[in-house]
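A structural walkthrough
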Amino acid sequence: MREPSRSGAKAGVEAGASSGAALAGAKGARFADLGPRIGSAAALIATALVALYVGGDAFALFWLLAGFAVSWEWQSIVGGEMALARFALGGAALAGATAFAAHGGGPLALVALAFFSAVLAILAGPGRRLWAPAGLLYAGSLIVSTNVLRHSPDYGAISIAWLFAVVWGTDVMAYFGGRLIGGPKLWPRVSPGKTWSGTLVGLACGALAGVGVVHLSRWSASATLPLFFVGLVAAALAQAGDLFESWIKRRFGVKDSSHLIPGHGGVMDRVDGFIFASAFAALLGGLRGQESLAAGIFIW
């Protein structure tokens, strides 16, 4: 039997090396954005946790600035007439809503947002009369829900910590689950990177992370099973918020809401899921009629 020629053997080795390099490159490409994402996320998480710990005006200011950024990005995305004036008016409305919500005036904050939303609809002009005010309500819901929850007696701080655990846990584990497991896409027309595997892993891990944070606190007696299911709903809504923001960007032909955060795009790209989850938590707490909004999440 003829021995393989040196040239043939060399070609085989080179082909094997090329295929190995290609495989390594494909694996590396899955996590190509991981470095900037980790650095930016670490800074954002640290700032959010400090604001939560300090509470009071520092907490309100943190979320007001986030609301300003979301409002500016939204008005920039949807375009239309008098975008700068709409942002300025929306900023005033968000500042007023923050002042109300941070001092027990949640209903007044909602009234202020509704009033200014009507004014924004007039300023936006044809074709944007629904989109422009929707951005103010979107940013305002973040500000109002976080502040009314944080300022709830006893359960205020843990309610925000629970939301952080659920939303961040869902986001992180959906990212890794989707890239490591792969499989069918969740909604490729809107978010090509999301998979069913990543979504399901993210939901379960986010709900478990929420339960874990609560049980490590002095509220460890909270009912585990109801809290887990509430966490699942909040995690699912966080994923829905991410899809909603992706749909908005595709609707207006924008890749990122802005470039404020390296590796992450804009502020909307980071808080989209948190907006939906925090609004759900505040609404659930209000509907359950416990001693405070935040108590309604934990007392069953």
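Everything that follows concerns the structure shown earlier in this document.
The following refers to the structure shown. (Residues numbered from 1 in each chain as written. Predicted model: local features only at pLDDT ≥ 70, side-chain atom pairs only at ≥ 80, totals over all residues. Heavy atoms only, no water.)

**So, the overall build of the chain**
Secondary structure summary: the chain contains eleven helices and two strands in total. Counting from the amino terminus, helix and strand elements in the chain follow one another as α-α-α-α-α-α-α-β-β-α-α-α-α. For the chain, the proportion of its 300 residues judged to be buried stands at 46%. Taking the intrachain contacts of the chain between residues at least 6 apart in sequence as the baseline, contacts between residues at least 24 apart amount to 71%. Of the roughly 14500 Å² that the chain leaves accessible, carbon and sulfur atoms contribute 71%. (Helix = DSSP H or I, 4+ residues; strand = E, 2+ residues; numbered from the N terminus. Buried < 20%, exposed > 50% of the residue type's maximum accessible area, 1.4 Å probe, protein only. Contact = heavy atoms within 4.5 Å. Areas by Shrake-Rupley, 256 points an atom, 1.4 Å probe, with all protein chains shown as cover.)

**Looking at the pattern of salt bridges**
A side chain with one charge may pair with a side chain of the opposite charge, provided their charged atoms come close. All told, the structure shown has four salt bridges when counted by the stated rule. Of the charged contacts, one joins Asp242 and Lys194 as a salt bridge, the two residues approaching to 2.7 Å between their closest N and O atoms. Residue Asp242 is found in helix α9 (residues 224–251), and its partner Lys194 is found in strand β2 (residues 191–195); the two are separated by 48 residues along the sequence. You can call Asp242 buried: its relative accessible area is 17%. Owing to a relative accessible area of 12%, Lys194 belongs among the buried residues under this scheme. Ionic pairing is found between Glu245 and Lys249, a salt bridge with its closest N-O pair at 3.5 Å. With a gap of four residues between them, Glu245 and Lys249 both fall in helix α9, about one helical turn apart. The two residues Glu245 and Lys249 agree in class, both being buried. (Salt bridge = Lys/Arg side-chain N within 4 Å of Asp/Glu carboxyl O.)

**Some remarks on helix α4 (residues 83–101)**
An ideal rise of 1.5 Å per residue puts 27 Å on 19 residues; α4 measures up with 26 Å between its terminal C-alpha atoms. Residues of α4 that are buried make contact with α3 (56–78), α5 (106–124) and α6 (131–150). (Expected span 1.5 Å × (residues − 1).)

**Quick look at the layout of surface pockets**
Of the volumes computed, that of the second largest pocket is approximately 690 Å³. Residue lining of the second largest pocket: 31 residues in total, with Ala41, Ile45, Trp168, Asp171 and Arg270 positioned closest to the centre. Where the lining of the second largest pocket is concerned, the elements lending two or more residues are α2 (34–54), α3, α7 (156–181), α9 and α10 (267–288). Considered class by class, the residues forming the lining of the second largest pocket number 20 nonpolar, five polar and six charged. (1 Å grid on protein atoms, 1.4 Å probe; cavity = no way out; pocket = protein on both sides within 12 Å on 5 of 7 lines; lining within 4 Å. Points joined across faces, edges and corners; volume = space filled by probe spheres on them. Nonpolar A, V, L, I, M, F, W, Y, C, P; charged D, E, K, R; others polar.)

**Some words on unusual backbone geometry**
Here the phi dihedral of Asp154 falls at roughly 65 degrees; this positive angle occurs in a residue that is not glycine. Tracing the chain through its elements places Asp154 in the loop between α6 and α7.

**A closer look at the packing of α9 against α10**
Interhelical geometry of α9 versus α10 gives an angle of 135 degrees and a closest axis separation of 7 Å. Here α9 lies oblique to α10, going by the angle between them. Of the two possible hands of crossing, α9 and α10 adopt the one that is right-handed. Every residue of α10 that contacts α9 at Val230, Val233, Ala234, Leu237, Ala238, Ala240, Gly241, Asp242, Phe244, Glu245 and Lys249 is listed here: Met268, Asp269, Asp272, Gly273, Phe276, Ala277, Phe280 and Leu284. Among the residues making up the contact of α9 with α10, the classes are represented as twelve nonpolar, two polar and five charged. (Axes fitted to C-alpha atoms, helices over the stretch in contact; angles between N-to-C directions. Parallel < 35°, antiparallel > 145°, perpendicular 65-115°, else oblique. Left-handed = near helix turned anticlockwise from the far one by under 90°.)

**A word on α9**
The first and last C-alpha atoms of α9 sit 40 Å apart over 28 residues, in line with the 40 Å expected at 1.5 Å per residue. Of the residues trailing α9, Gly253 is marked for its positive phi of about 70 degrees.

**Considering the nonpolar core**
Counting 62 residues, the largest nonpolar core has Leu149, Trp162, Leu163, Ile297 and Phe298 as its most contacted members. It is α10 that contributes the most residues to this core, ten residues altogether. (Core = buried A, V, L, I, M, F, W, Y, C linked by side-chain atoms within 4.5 Å.)

**A look at the packing of helix α8 (residues 196–215) against α9**
At their nearest, the axes of α8 and α9 sit 8 Å apart, and the two run at 135 degrees to each other. Judged by the inter-axis angle, α8 sits oblique to α9. Taken as a pair, α8 and α9 cross one another with a handedness that is right-handed. Counted together, Thr199, Leu203, Ala204, Ala207, Leu208, Val211, Val214 and His215 of α8 and Thr224, Leu227, Phe228, Gly231, Leu232, Ala235, Ala236 and Gln239 of α9 form the full contact between these two elements. Its residues placed into classes, the contact of α8 with α9 shows eleven nonpolar, five polar and no charged.

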